[in-house]
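Read off the chains here:
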Amino acid sequence: MKALITGITGQDGSYLTELLLKKGYEVYGLIRRSSSFNTDRIDHLYKDPHEQPKLKLIYADLTDGSNLHSVLNDINPDEVYNLGAQSHVRVSFDQPIYTTNVDALGTLRVLEAVRSMKKPAKFYQASSSEMYGKVLETPQTEKTPFYPRSPYGCAKVYSFWQTVNYRESYNLFACNGILFNHESPRRGETFVTRKITRAATRIKLGLQDKLYLGNLDAKRDWGFAGDYVEAMWLMMQQEKPDDYVIATGETHSVSEFLDEVFGRLNLDWKKHVEIDSKYFRPAEVDLLLGDASKAKKMLKWQPKVSFKELAVMMTDADMKIAQNEKIIQEHKS
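Residues numbered from 1 in each chain as written. Predicted model: local features only at pLDDT ≥ 70, side-chain atom pairs only at ≥ 80, totals over all residues. Heavy atoms only, no water.

Asker: Could you give an account of helix α7 (residues 225-236), with specific residues and numbers?
Answerer: In this model α7 runs 17 Å from its N-terminal to its C-terminal C-alpha over twelve residues, within 8% of the 16 Å that 1.5 Å per residue would give. Most of α7 sits inside the fold, with ten of its twelve residues counted as buried. Residues of α7 that are buried include every one of Ala-225, Asp-227, Tyr-228, Val-229, Ala-231, Met-232, Trp-233, Leu-234, Met-235 and Met-236, and no others. (Helix = DSSP H or I, 4+ residues; strand = E, 2+ residues; numbered from the N terminus. Expected span 1.5 Å × (residues − 1). Buried < 20%, exposed > 50% of the residue type's maximum accessible area, 1.4 Å probe, protein only.)

Asker: Give a description of the side chain of Ser-128 that names residues and reports values.
Answerer: With respect to the element layout, Ser-128 can be found in strand β5 (residues 122-128). Here Glu-130 takes part through its backbone nitrogen, which lies 2.9 Å from a polar atom of the side chain of Ser-128. Setting aside its immediate chain neighbours within four residues, Ser-128 contacts Tyr-152, Lys-156, Gly-177, Ile-178 and Leu-179. (Polar contact = N/O pair within 3.5 Å; in protein donor to acceptor, adjacent residues only side chain to side chain. Contact = heavy atoms within 4.5 Å.)

Asker: Give me the pattern of salt bridges: which residues, what numbers.
Answerer: What the rule picks out here adds up to 16 salt bridges. Between Glu-189 and Arg-194 there is a salt bridge, with its nearest N and O atoms 3.8 Å apart. Among the salt bridges present, the one from Glu-230 reaches Lys-304, with a minimum N-O distance of 2.8 Å. Of this pair, Glu-230 sits in helix α7 while Lys-304 sits in the loop between α9 (293-298) and α10 (307-332); the two residues are 74 residues apart in sequence, bridging distant segments of the chain. Look at Lys-304 and you get exposed, because its relative accessible area is 58%. When salt bridges with common partners are traced through the structure, they connect Glu-189, Arg-194, Arg-198, Arg-202, Asp-318 and Glu-325 into a single cluster. (Salt bridge = Lys/Arg side-chain N within 4 Å of Asp/Glu carboxyl O.)

Asker: So, the environment of Ser-150: which residues are in play, and what are the values?
Answerer: Following the sequence through the fold, Ser-150 ends up in the loop between β5 and α5 (151-170). Distance in space between the C-alpha atoms of Ser-150 and Val-91 is 9.6 Å, their sequence separation being 59 residues. Contact partners of Ser-150, with chain neighbours within four places excluded, come to Val-89, Ser-92 and Phe-93.

Asker: Hey, could you go over the nonpolar core for me, with residue numbers and the actual values?
Answerer: Among the nonpolar cores identified, the biggest contains 59 residues, and Tyr-81 and Tyr-124 are the most heavily contacted of them. Per element, the largest residue contribution to this core is nine residues, and it comes from α7. Dropping the residues within four chain positions of it, Tyr-81 is found in contact with Ala-3, Leu-4, Ile-5, Thr-6, Leu-16, Leu-20, Tyr-124, Met-232, Trp-233, Met-236 and Gln-237. Formed by 21 residues, the second largest nonpolar core is a distinct cluster that contains Leu-68, Val-102, Val-110 and Tyr-166. (Core = buried A, V, L, I, M, F, W, Y, C linked by side-chain atoms within 4.5 Å.)

Asker: Explain the sheet that holds strand β6 (residues 174-179) to me, using residue names and the numbers behind them.
Answerer: An order of β3-β2-β1-β4-β5-β6-β11 is seen for the seven strands of this open sheet, with the pairing classed as parallel. Both edges of this open sheet fall to β3 (55-59) and β11 (244-246), since each of them pairs with a single strand only. The average undirected angle you get between the axes of adjacent strands in this sheet is 20 degrees. Sheet topology places strand β1 (residues 2-6) next to strand β4 (residues 79-82); four bridges connect them, and they run parallel. By the bridge assignment for β4, Ile-5 is matched with Tyr-81. Helix-sheet contacts for helix α4 (residues 96-116) involve β4 and β5, and the interaxial angle to β5 is about 170 degrees. (Pairing = 2+ DSSP bridges. Axes fitted to C-alpha atoms, helices over the stretch in contact; angles between N-to-C directions.)

Asker: Could you give an account of unusual backbone geometry, naming the residues involved and the relevant values?
Answerer: Glycine aside, a negative phi is what most residues show, and trans is what most peptide bonds show. Backbone torsion omega between Thr-138 and Pro-139 reads 0 degrees, so that peptide bond is classified as cis. Tracing the backbone through its elements, the reader meets Pro-139 in the loop between β5 and α5. Phi is positive for Asn-76, close to 55 degrees, though the residue is something other than glycine. Taking the relative accessible area as the measure of exposure, Asn-76 reaches 41% and is therefore partly exposed. Positive phi, normally seen in glycine, also occurs at Lys-300, with a value near 60 degrees. Here Lys-300 shows up in the loop between α9 and α10. Since its relative accessible area comes to 66%, Lys-300 is described here as exposed.

Right under this line is the structure:
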């Protein structure tokens with residue numbers, strides 16, 4: 001089996017690559033050309049360089065449709081996982097046009113490239129709980145209406161419906177995974193959970209003193225990214241394509257995450273956390289809570305890592321990074 005992953009260098013891309021390689025897949029990843037490498041999350045997946053590698057990286061971009069067309073027809077993958085995106089909700093307010101070009105039109109370009117293949121690949125679209133935005137019911141299911149509250153959320157709604165449309169109009173195997181927040185030690189450092197674990201461990205070792213955050217009352221359904229990529233793969237193994245909510249069914253506030261992380265380090269977060277208005281969104285999303293009943297029934301999927309276990313996992317991983325930073329700082333002084 002051959003799989004192509006857009007966004008392979010991201011958190012989900014790295015965990016999905018691990019999973020597919022373990023299952024014997026040949027994995028192709030699309031990466032954007034940059035003056036510096038951004039492959040840290042997948043570097044450990046390269047084995048003996050003298051062997052035929054099962055993981056191959058190709059330069060391509062979701063803003064270049066003709067290139068995507070060529071790449072997909074050259075590789076001829078069995079499965080395409082579209083994880084690539086400008087994925088930061090707050091940043092989407094600052095860069096709405098770029099976000100829409102990549103996250104909305106980028107999906108359409110990939111769908112068109114898949115449709116152009118002699119034997120179209122199965123297609124997975126990374127949809128988001130941010131599509132629910134100002135939620136119209138709680139918990140949110142596959143039937144809950146969307147009410148996005150950010151350029152990112154709007155772009156993801158566009159991609160969701162294009163995926164459904166290509167499934168129904170062109171008979172493509174195209175499915176949406178509506179993933180609620182999922183974190184890990186590989187989460188980008190500008191996302192609130194990782195921002196907290198990085199800062200807390202640095203504070204513990206005296207490398208910094210303050211952490212600046214926005215809305216501490218925002219509630220999210222937080223799971224482990226490693227669990228969620230398994231759900232992506234399971235969707236692609238079904239007889240018929242469909243759309244699935246992937247979530248834990250629990251909601252926790254940002255302040256609860258602070259409790260877990262700083263508590264793990266025997267610190268009082270209230271002595272170190274300050275509110276900065278620049279981290280508030282122009283339109284807030286106060287509560288997201290997913291109902292993954294359909295995925296549990298149809299895919300036989302279950303989240304394995306709890307909220308507390310996730311906080312511990314991320315804190316312990318970032319403590320190792322902070323300890324290395326401390327050693328480097330002491331050598332310099």
